[in-house]
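Remarks on the overall topology
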Amino acid sequence: MRIDIITVLPELLTSPFSHSIMKRAQTKGLLEVHTHNLRDHTPYKQAQVDDYQFGGGAGMVMMPEPLAILIEKLQAERKYDEIIYMTPDGPVFNQKTANMLSLKENMIIICGHYKGIDDRIREHYVTREISIGDYVLSGGELAAAIVVDAIGRLIPGVLNDETSALFDSFQDGLLAPPVYTRPADFRGWKVPDVLLSGDPKKVDEWRHEQSLKRTAERRPDLLKNSDWEGYRY
Ligand code: 6GU
């Protein structure tokens, strides 16, 4: 998978992809992340990329020309499956969207700043809009880093058995069960007996029960309209 990120703050996007699983995905050649500084592609003087909004009002808007130039330059090099615009007014990102996007080959992600981007870019180039939640960030970069991390770890071959995504919270629509490590008795606080029983079937059953219980207690909204609705905990 190749992801091209368009930003006015490329510095914000270096560290998030330089460690741990994101680093390994790139070392293994399964993920390429390229960041492009929009200011390097503007035809305007003084590297201008934003301007006052028509109709008046506070806040600048990212101009269409630099974005169109950079998007079309990238499109001339390869075909893109998605051109994503990070924006708080988009549909909220979730695991289902992450799973779906992890199967794409090439994607462009546009990070907005100021009041956002000229709406003609959304109309004519953008194929999908993503918000990461109901709060406002000062720009799309941190949101893009979250989306790339969530997608990148799902690319086949990125995770091994130890880091497997199969049992992640949300992967089956439920929260993950509690986990424990050594010692089995820490200051008198004991690990549940079943986990020490050596009976894999019992362990699986217990984990599944715990997942359902946790989800019902903490995120009952996840059980609504799910396969688990009406299940008795
Ligand atoms: Cl994608 N961008 C910005 N600026 N704020 C957000 C967001 C995105 N998602 C939630 N808040």
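Now for a description of the structure that goes with this document. (Residues numbered from 1 in each chain as written. Predicted model: local features only at pLDDT ≥ 70, side-chain atom pairs only at ≥ 80, totals over all residues. Heavy atoms only, no water.)

Let us look at the overall build of the protein chain. Per the secondary structure count, the protein chain includes seven helices and nine strands. A compact globule built from 233 residues would reach a C-alpha radius of gyration of about 17 Å, whereas the protein chain, at 22 Å, exceeds it by more than 25%. Projecting the C-alpha coordinates of the protein chain onto the three principal axes gives extents of approximately 70 × 40 × 35 Å. When the 233 residues of the protein chain are sorted by exposure, 41% land in the buried category. Pairs at least 24 residues apart make up 72% of the contacts formed inside the protein chain by residues separated by at least 6 positions. Carbon and sulfur atoms form 52% of the exposed surface of the protein chain, whose accessible area is close to 14,100 Å². One way to put it: in the protein chain the 28 positive side-chain charges average out to a point 5 Å from where the 34 negative ones average out. (Helix = DSSP H or I, 4+ residues; strand = E, 2+ residues; numbered from the N terminus. Rg over C-alpha atoms; globule rule 2.2 N^0.38 Å. Buried < 20%, exposed > 50% of the residue type's maximum accessible area, 1.4 Å probe, protein only. Contact = heavy atoms within 4.5 Å. Areas by Shrake-Rupley, 256 points an atom, 1.4 Å probe, with all protein chains shown as cover. Lys, Arg positive; Asp, Glu negative; His and termini not counted. Charge placed at Lys NZ, Arg CZ, Asp CG, Glu CD.)

Bringing helix α1 (residues 20-27) into the picture now. Regarding α1, the residues found buried are Ile 21, Met 22 and Ala 25. One side of α1 holds all its buried residues, which, seen down the axis, span an arc of 100 degrees. Of the residues in α1, the exposed ones pointing more than 90 degrees away from the buried face are Ser 20 and Thr 27. Looking at the packing, one finds that the buried side of α1 touches α5 (141-152). Taken from the residues just after α1, Gly 29 is the one with a positive phi, measuring 75 degrees. (Arc of directions from axis to C-beta.)

On the surface, Leu 9, Leu 12, Tyr 135, Leu 137 and Leu 142 cluster together into a nonpolar patch covering about 420 Å² of accessible area. Its place among the elements puts Leu 137 in the loop between β7 (128-130) and α5. (Patch = residues over 30% accessible without salt bridge, like charges linked within 9 Å, V, L, I, M, F, W, Y side chains within 5 Å. Salt bridge = Lys/Arg side-chain N within 4 Å of Asp/Glu carboxyl O.)

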